[in-house]
Structures are given as C-alpha cells and as structure tokens.
Amino acid sequence: MTYLECVDYIHSIPKFTKKTELSNTIRLLDMLGIDRMGSRVIHVAGTNGKGSTCAFLAKILEEAGYQTALFTSPHLIDLEERIQINRVPIARDEFCTACEKVKEISEKMVKEGYCHPAYFEFLFGMAMFFFQKEQAEYLVLETGLGGRLDATNVFLKPLLTIITPISYDHMEILGNTLEKIAEEKAGIIKEGVPVVYWGEEEAVANVIEKMAQKKHACIYKITEKDYKILKIHHKSIDFCMNCGYYGNSHFSLPFPAAYQAGNGALALAAAENLRTIQPISAAVIQRAFAEVKWAGRMEEVLPGVFVDGAHNKAGIAAFMETVRKRPRKGKQVLLFSAVKEKELEPIVQELCREADFSGIVLTEIEGDRKTDLLFLQKIFSYYMKTETIQAKTSLPRIIGIADTKEALETAIAWKEENGTVFCVGSLYLVGQIKAVVKEEYGG
C-alpha cells in the first residue's frame, strides 16, 4: 500500500466498524506479539495537559540517553505525529509497513469473530508494532479518551502512571461530575504501580487516592504549592520546584504559558519516581526542557501569532491566565472556533471575562463537527457585553469568516505590527492554522 492508500484506509475505519471492548485490543496486541506486562510503559491520563506532560517526560528520557517512544493523540496535520521515537515521527515507509501489518492482523481477527479494530485502536496497534520493531527502551503512552476503557489501558504492570488535571469534558461519555470523570481516568492505576497525579482539586484527589489505596499503589501528589513560577517571558516560562529532588534547581520551558509550569512539575515528579533507572540530574532535565517542542500549546507559528489547543473551560481559564500575565505589546486579537459538541457558553464566558481583545475573529473548523458562525457571533456578542470589565471604554469588533486562511489574514491585519493574535478553541483549529502557515508562509 502507498502512504495515501494507508491514510485513506485508516480514515475509512469509522465507516465500517464500531467502538470495541478492551478484549479486542488485547487480542490485537497478542496477535502482534506485543508483551503486555508493560514494564517499560509510562501511562498518562487526564483532561488537560496530558500531551504536554508526555512530551516533556519523553524528552527528559531521551536526553538521559534512552530510546524513548511516544504515542499521543490527536495529530494536528499528519497521522505520523501520533507515533514518535526520540520525538521524531515515524517515517512514511515505516508507517505503511505498520499499517499493512495491523490490517493483516485485523482481517484475521474478523475471521475469528472479533471486531475490526476501531480507528484509535488501529493506530495504537501500529504504534506498538513499530515501537517493538525499533526496540524502544521506554514507552510514554497517552490515553485517548478516559482511561478505564481506553485502548491503551491493556498493560498489566506499567512502570508508572500519571494523571494530569481533570476537568469537565466529554461528559456524555465519562459522566457529568468531576468524581465520575476522575473514576474513569483513575482506571489506569494498577496494582502496586506508583501514580503521580495533579491533586489541586480535592474531589478529584480523593477519587485518585482511594483507587490508589485499593490498588496498593504509592501516590505522589502535585499541586500549585509544589512549584513556583519565576517569570513569564515573551516566548518562555521560568519555574522551580518547592519540594523533592529537583527543589533547588530552576527550569525554563520554551512556552509562554503559565499552565506549562504545572505540566513540567508533573514531568519532574515522574522523572524522580522512575525506579528502574538512576536519578536523572537537574542539568539533563534543564537541557531537555530547553529543547522540547510540543505543537499547538501556546506555540508561536508566525511572528506574534500563537496557537493553543485549549478547548474546555479549564483549558481556556489557563489560557486566559497566560494572556493576562505575559508581557504585552500592541493590540491583542482573538481567533476562535470550536466543535459543536462542546459546551460553548462557559468557554466563551471565560474568554470574555475581563478580556482585553481589540478584535475577535470567528471561523469554522472543517467537517461536520463545525459550530455555526452566526451562533458563535451571537454568543460572543452577548458575553462580551455582560462579562467585560466596566473600565473598558469600547467593545472589540467581532466578525465571522468561514475560511480559515482568510480569517487568519484578517486577524493578522487587525493586530498590526507589534500586536498578538491568539488562535484558540480547538486542536482542529490549531491543525488548520498550522496547515495554512505551512502552505502560505513556509512555516
């Protein structure tokens, strides 16, 4: 199969299969010859920050000299982004080899009476086949949705589990309370396996701690008290830990986002508790953090143009904290879009609360999941009038432009020379913006 044939086949999977049970994934990995003990696996779940935490930890392990695999989702432009070794995406010829192998196994599974692997499950199988072929020493795996029933949750005794901040998202699947969502995420905790977790929210922390106690798992809790933000620069953030092995060292991440300090703290706690290896020095981690790249998280894609994948209330709140704290020059313009499944009102309300945007450009993501532009304009107009601080003398101009390229060009023109454009609301929007930048600006 050619690369395009592989991509077309993978994209066609949702049309002829259904969501599968974990037994289906177990059979897939068994037929691929994958060891499911998971002694080299670091398994990460959560609502916000799990991709960044995975990227930071994978880079730390790579900088320490280990061949480190990384499986994440979703991709922004190309499917290969999901499958990486030492932060290099799988080559297209290897992508095709893995696709053909999993397709072959999938057809055998169907003959046995199993379901054809679902979209995410199929890509996970490809990743595991490739990681085994390349003899990766450590595997950092991000869950797709939830944790308990996620396709990645098939390893019996991983090296470590990590749970990042949990908030309201995908409530139609995971439950409508933080406790229910936390129960699903905490489903990755295994018997006797240490868990590093974000414990700022008491209700969430209680659920995780009860599950860890039940599974006889040591717990390592991280909250905002455990680290200190030293300074937010135009393109980076400096922080230090207030406890633990790395407590006396300063670290810098190349992202001007306050929330990345928390994700960095989780990665540091994870590195401190990888018991099969010698402690990783602060100098190694400082180098890793300085060089780490993670697309779509307060990433500058053009001068003064930042994309951020925040797409729920908690994520948007963290994004707005960064907008308010970072050094400002010139006008600030918001470029926004969202998928229709999201609860838009709390997201828009958070964006409009004390917002100081000179203009707001609304656009549409591609496909059937797009939110109607007229609806977006109405909801932004309403909340901008009701949530903007009284001291603001004029409301920003709000305009809807369906075409992403035109919307980006308009936002850039509005910000003028020294201003900033923030593109936020959906990772799908981030992918579209990055694709436009790559095509039009060579970025």
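Quick summary incoming for the structure in this document. The structure presented is a predicted model; accordingly, all values stated were derived computationally and were not measured.

Rules used in this analysis
- Residues numbered from 1 in each chain as written.
- Predicted model: local features only at pLDDT ≥ 70, side-chain atom pairs only at ≥ 80, totals over all residues.
- Heavy atoms only, no water.
- 1 Å grid on protein atoms, 1.4 Å probe; cavity = no way out; pocket = protein on both sides within 12 Å on 5 of 7 lines; lining within 4 Å.
- Points joined across faces, edges and corners; volume = space filled by probe spheres on them.
- Nonpolar A, V, L, I, M, F, W, Y, C, P; charged D, E, K, R; others polar.
- Phe/Tyr/Trp six-rings, centres within 6.5 Å; stacked < 30°, edge-to-face > 60°.
- Helix = DSSP H or I, 4+ residues; strand = E, 2+ residues; numbered from the N terminus.
- Buried < 20%, exposed > 50% of the residue type's maximum accessible area, 1.4 Å probe, protein only.
- Pairing = 2+ DSSP bridges.
- Polar contact = N/O pair within 3.5 Å; in protein donor to acceptor, adjacent residues only side chain to side chain.
- Salt bridge = Lys/Arg side-chain N within 4 Å of Asp/Glu carboxyl O.
- Axes fitted to C-alpha atoms, helices over the stretch in contact; angles between N-to-C directions.
- Contact = heavy atoms within 4.5 Å.
- Arc of directions from axis to C-beta.
- Parallel < 35°, antiparallel > 145°, perpendicular 65-115°, else oblique.
- Left-handed = near helix turned anticlockwise from the far one by under 90°.

## Quick look at the layout of surface pockets
- Computed from the structure, the second largest pocket encloses a volume of approximately 530 Å³.
- Arg-87, Lys-293, Trp-294, Ala-295 and Glu-299 are, among the 26 residues lining the second largest pocket, the residues nearest its centre.
- Of the residues contributing to the lining of the second largest pocket, the split by class is 12 nonpolar, 3 polar and 11 charged.

## Here's the deal with the packing of aromatic side chains
- For the structure on display, the rule yields 19 aromatic pairs.
- Relative to Tyr-227, the ring of Trp-198 has its centre 6.3 Å away and its plane inclined at 45 degrees; by these criteria the two rings are tilted. Placement of Trp-198 in strand β7 (residues 195-198) and of Tyr-227 in strand β9 (residues 227-232) is noted, with a sequence separation of 29 residues between them.
- Residue Trp-198 is classed as buried on the basis of its relative accessible area, which comes to 12%.
- By relative accessible area, which is 11% here, Tyr-227 ends up buried.

## Concerning the pairing of β9
- Of the strand pairs in this sheet, β9 and strand β10 (residues 237-241) are connected by 5 bridges, and their pairing is antiparallel. Residue Tyr-227 lies in a different strand from β10, and its bridge partner there is Met-241.
- In sequence, β9 turns back onto β10 through a hairpin of 4 residues.

## So, the side chain of Gln-432
- Structurally, Gln-432 can be placed in helix α15 (residues 427-441).
- The exposure class assigned to Gln-432 is buried, which follows from its relative accessible area of 9%.
- Of note is the side chain of Gln-432, whose polar atom sits 2.6 Å from the backbone nitrogen of Glu-366.

## What about the pattern of salt bridges?
- By the definition in use, this model includes 20 salt bridges.
- The partner of Arg-92 in a salt bridge is Glu-80, and the shortest N-O contact between them spans 3.0 Å. With a gap of 12 residues between them, Arg-92 in helix α4 (residues 92-112) and Glu-80 in the loop between β2 (68-71) and β3 (83-85) connect regions that are remote in the sequence.
- Given the relative accessible area of 43%, Arg-92 is considered partly exposed.
- Given the relative accessible area of 7%, Glu-80 is considered buried.
- A salt bridge links Glu-107 to Lys-103, with the nearest nitrogen and oxygen atoms 2.7 Å apart. Residue Glu-107 and its partner Lys-103 are located together in helix α4, separated by 4 residues, close to a single helical turn.
- We classify Glu-107 as partly exposed; its relative accessible area is 38%.
- Look at Lys-103 and you get partly exposed, because its relative accessible area is 21%.
- Overlapping salt bridges bring together Lys-59, Glu-62 and Glu-291 as one network.

## Here we look at the sheet that holds strand β12 (residues 299-302)
- If you trace the 6 strands from one edge of the open sheet to the other, you get β12-β13-β17-β14-β15-β16, paired in mixed fashion. Each end of this open sheet is capped by a strand with a single partner; those strands are β12 and β16 (397-400). Each strand axis lies, on average, 25 degrees off the axis of its neighbour in the sheet, ignoring direction.
- Bridge count for strand β14 (residues 332-336) against strand β17 (residues 420-424) is 5 bridges, and the pairing is parallel. Looking at β17, one finds that Leu-334 is bridged to Phe-422.

## Overview of unusual backbone geometry
- Geometrically, the link from Ser-73 to Pro-74 is a cis peptide bond, its omega value of -5 degrees lying close to zero.
- Within the secondary structure layout, Pro-74 lies in the loop between β2 and β3.
- Even without a glycine there, the phi angle at Arg-87 is positive, about 65 degrees.
- Tracing the backbone shows Arg-87 in the loop between β3 and β4 (88-89).
- Here the phi dihedral of His-216 falls at roughly 55 degrees; this positive angle occurs in a residue that is not glycine.
- By secondary structure assignment, the location of His-216 is in the loop between α8 (202-214) and β8 (219-222).

## Focus: the environment of Arg-87
- On the basis of relative accessibility, which here comes to 19%, the residue Arg-87 falls in the buried class.
- Along the sequence, Arg-87 and Lys-59 sit 28 residues apart, while their C-alpha atoms lie 7.2 Å from each other.
- Beyond its immediate sequence surroundings of up to four residues, Arg-87 is in contact with Ala-55, Ala-58, Lys-59, Glu-62, Leu-70, Val-292, Lys-293 and Trp-294.
- Engagement of the side chain of Arg-87 in a polar contact is seen with the backbone oxygen of Lys-293, the distance being 2.8 Å.

## Looking at helix α7 (residues 178-185)
- Within the span of α7, buried status applies to Leu-178, Ile-181, Ala-182, Glu-184 and Lys-185. Looking straight down α7, one finds its buried side chains confined to an arc of 160 degrees; they lie on one side.

## Examining the sheet that holds strand β11 (residues 250-253)
- Taken together, 3 strands build an open sheet; the order of strands is β9-β10-β11 and the sheet is antiparallel. The sheet terminates laterally at β9 and β11, the two strands that pair on one side only. In this sheet, adjacent strand axes meet at a mean angle of 30 degrees when their direction is disregarded.

## Things to note about the packing of helix α3 (residues 50-63) against helix α10 (residues 282-291)
- Direction vectors running N to C along α3 and α10 enclose 125 degrees, while the axes themselves pass 8 Å from each other. Comparing the axis directions of α3 and α10 gives the class oblique. The interaxial crossing formed by α3 with α10 has right-handed handedness. On the side of α3, the interface is formed by Phe-56, Lys-59, Ile-60 and Glu-63, while α10 contributes Val-284, Ile-285, Arg-287, Ala-288, Phe-289 and Glu-291.
- Of the residues that constitute the contact of α3 with α10, the class distribution is 6 nonpolar, no polar and 4 charged.

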